Amino acid sequence: MPRDLIVDIQKQRPQFTLEVAFRSDHEPLGLLGTSGSGKSMTLRCIAGIETPTQGRIVLNGRVLFDSALGINLPSRERKVGYLFQHYALFPHLTVAQNIAYGLRGRSKAAIHRQVAEQLQQVQLIGFDHRYPHQLSGGQQQRVALARALAPNPELLLLDEPFSALDAHLRSELEKQLLKTLSRYPGLTLFVSHNLEEAYRVCQRLLVLADGKVVAEGPKQTIFDHPGTLSLAQLTGCRNLSPLQRQSNHTLAALDWGCILQTLEPVRLTHTHIGIRAHRLTFPDQATQPNTFPAWVAWTSETPHRLSLYLKLGQPPSDHEDYHLQAEVFKDRWAEMNGRPFPWLVHLDPAQLLLLEGVSRG
Amino acid sequence: MIAPPLLLSLRVILVASVFILGLGLGAGTLLARQRFPGHIVVSTLLNLPLVLPPSVVGYGLLLTLGRGSPLKEWFGIDLLFTWQAAAIAATVVALPLMVESTRAAIASVNPELEAAARTLGASELEVLGRITLPLAYRGILAGFGLSLARGLGEFGATLMVAGSIPGRTQTMPLAIYDAVQRQDYTLANALVLIMTSLAFGLLWWVRWLEGTRNPNLH
């Protein structure tokens, strides 16, 4: 029996059309996209909460939905677990009753054992008789996860499971979730608008924009070769410029006012050039190609890193006057700070992203 | 004689309450969760008795129950001027309060909770019985209390379809009218006191339901 999920659906809404097709296997698949891109709608169609206008959903060889065959299994028969963004815990039931909700048709003793096992898995032993409102956000999330996993669903859908949590709880719960998922034998879809989170949790990514799939593949490939302008933006590339092709490996970056050498050949279809902020380096001498004098127009701090806003070629007129954003660790900044301007900034030809302006697919 | 109208009123409201509960829950749930064609017409029709004069409701019931009606002509059932007709009149005028309260209470339950229950294998009946109704029961009970108070106080439509036959169809509101006509103020005072106390008790219960939140819901 195949262990996979095949989705090929369309859903028409007055202002929005969802049109997604993908296949997912035993590795968690991350659905990445901005809000309104159709991620949650896709999950809701798979779980049977929404009905697609047409298409097919097949889970482990079992047809859940097929508009041509007139099949539309109700939610309760799909064996699909759903962790809702705001958990949807039943407020009038205790933690134990919430977890036991999906365990129907078993003996009292079996249910009791299962609930105890789940509580142990999510490290909430002794919380059986609490009500959801007596728990912290992180505890509620773990109860919701335990409740979704208790009936052993063939597919687990995680809808932005960390979005309702404080930052300091996220990394802890993310670790727990990864641990739980590693023991869970079924398939997993993980929806997120946070690319770093999706990157950490999933091996493969599916990127959605405006209800369409704009990219699918191993996460590293998507980050290293976004291929299109929109995907580069979605994956957090902050330095983007229109380009003018000059030869097979030379182009003018129009917004940055510089000529760049590339490793990858520049094709006629390439319209933009990009480079990720953390890929910019600051050499002492201009021995390599793509090295330019630069001035710092503005800096902004995060706990461990510093964002530098750089102007190439001449000193900036004000804080808004910059070409590139670079990201450096604080210790590196401590070494560099105080050096006289101009500095040298290097755009490694191997790190340049050649992009097409229109999305493929 | 206090006892006959009091007992009759209780019997009428007891029977009416069964219909109010059944029909009110059914219609309220349907209107809260289903968008069927004509749902606005249905909810408007159900609400009409709230604003129509009792004589219009009574006339409508006469047409429904009396000569020429399917009930009488096809099945030979004649309910006019029986206490059952009084129960039907009480049901019809009290139902809008029950339907509206139920609809509002169920609409306030987060649909995500119902969706979650379905993904956990619950049938529609289980969702209703274990999730929706337990979460909405205070609002539903408050509507039920209001309906009971309204049904107990029903006068006009009851007079038209059940008459005011002492001991047979003369409920408390009708008995009070009758006692005042006969200038039997002792009886009128006693019945007014009972009616007012019952209504006060019911409304107090409704306020209490609305005022105290279920401690487990936040």
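Everything below is about the structure printed above this text.
Attention in this report is confined to the structure presented alongside it. This one's a predicted model, so the numbers in the text were calculated from it and none came from an experiment.

### Topic: the packing of aromatic side chains
Residues and elements named next belong to chain A.
(1) Moving on: As enumerated under the stated definition, the model contains 9 aromatic pairs over all chains in all.
(2) Moving on: Between Tyr-82 and Phe-84, the aromatic rings sit 4.2 Å apart at their centres with planes inclined by 15°, giving stacked as the arrangement.
(3) Moving on: Taking relative accessible area as the criterion, Tyr-82 reaches 4% and is therefore assigned buried.
(4) Moving on: An aromatic cluster of at least three residues, connected via ring pairs, comprises Phe-282, Trp-333, Phe-341 and Trp-343.

### With respect to the interface of chain B and chain A
Bring the parts together and some accessible area is lost; that lost area is often taken as the interface size.
(1) Moving on: Each partner contributes to the interface: chain B provides 22 residues, whereas chain A provides 22 residues.
(2) Moving on: Each partner contributes to the roughly 2000 Å² buried at the junction of chain B and chain A, and carbon and sulfur atoms together form 64% of this total.
(3) Moving on: At the boundary of chain B with chain A, the tally comes to 2 salt bridges.
(4) Moving on: Between Glu-112 of chain B and Arg-44 of chain A there is a salt bridge, with its nearest N and O atoms 3.1 Å apart.
(5) Moving on: Summed over the shared surface of chain B and chain A, the result is 5 residue pairs in polar contact (both at pLDDT 80 or more).
(6) Moving on: Contributions of two or more residues to the side of chain B that touches chain A are made by helix H6 (111-119) and helix H7 (124-152) of chain B.

### What to know about the nonpolar core
(1) Moving on: Residues Leu-5, Phe-22, Ile-46, Phe-90, Leu-155, Leu-157 and Leu-189 of chain A are the most contacted members of the largest nonpolar core, which totals 80 residues.
(2) Moving on: It is helix H5 (residues 83-107) of chain B that contributes the most residues to this core, 10 residues altogether.
(3) Moving on: Look past the residues within four positions of Leu-155 of chain A in its chain and what remains in contact with it is Leu-5, Ile-46, Leu-59, Lys-79, Val-80, Gly-81, Tyr-184, Leu-187, Thr-188 and Leu-189 of chain A.

Criteria and cut-off values
Counting starts from 1 at the beginning of each chain's written sequence and moves along it residue by residue. Ligands are numbered from 1 and chains lettered from A, in the order in which they are written. Confidence filtering applies because this is a predicted model: local features only for residues at pLDDT of at least 70, side-chain atom pairs given and counted only at 80 or more, and all residues used for totals across whole chains, interfaces and linings. The side-chain figures draw on all heavy atoms in the structure; neither hydrogens nor water molecules are used. We call Phe, Tyr and Trp rings a pair once their centres come within 6.5 Å, taking the six-membered ring for Trp, and we label the pair stacked below 30 degrees between planes, edge-to-face above 60, and tilted otherwise. Exposure classes here rest on a 1.4 Å probe applied to the protein chains alone. A residue is buried below 20% of its type maximum, exposed above 50%, and partly exposed in between. Contacts are assigned to residue pairs with any non-hydrogen atoms lying within 4.5 Å of each other. The term buried area means the drop in 1.4 Å probe accessible area that two parts suffer when joined, counted for both and summed. For salt bridges, the criterion is a side-chain nitrogen of Lys or Arg within 4 Å of an Asp or Glu carboxyl oxygen. Within 3.5 Å is the distance limit for a polar contact, defined as a pair of N or O atoms, with the added protein rule that one can donate a hydrogen and the other accept it, and that residues adjacent in sequence qualify only through two side-chain atoms. Under the scheme used here, helices are H or I runs from DSSP no shorter than 4 residues and strands are E runs no shorter than 2 residues, and both carry numbers assigned from the N terminus. Only buried residues count toward a nonpolar core. Its members are Ala, Val, Leu, Ile, Met, Phe, Trp, Tyr and Cys residues joined through side-chain atoms within 4.5 Å.

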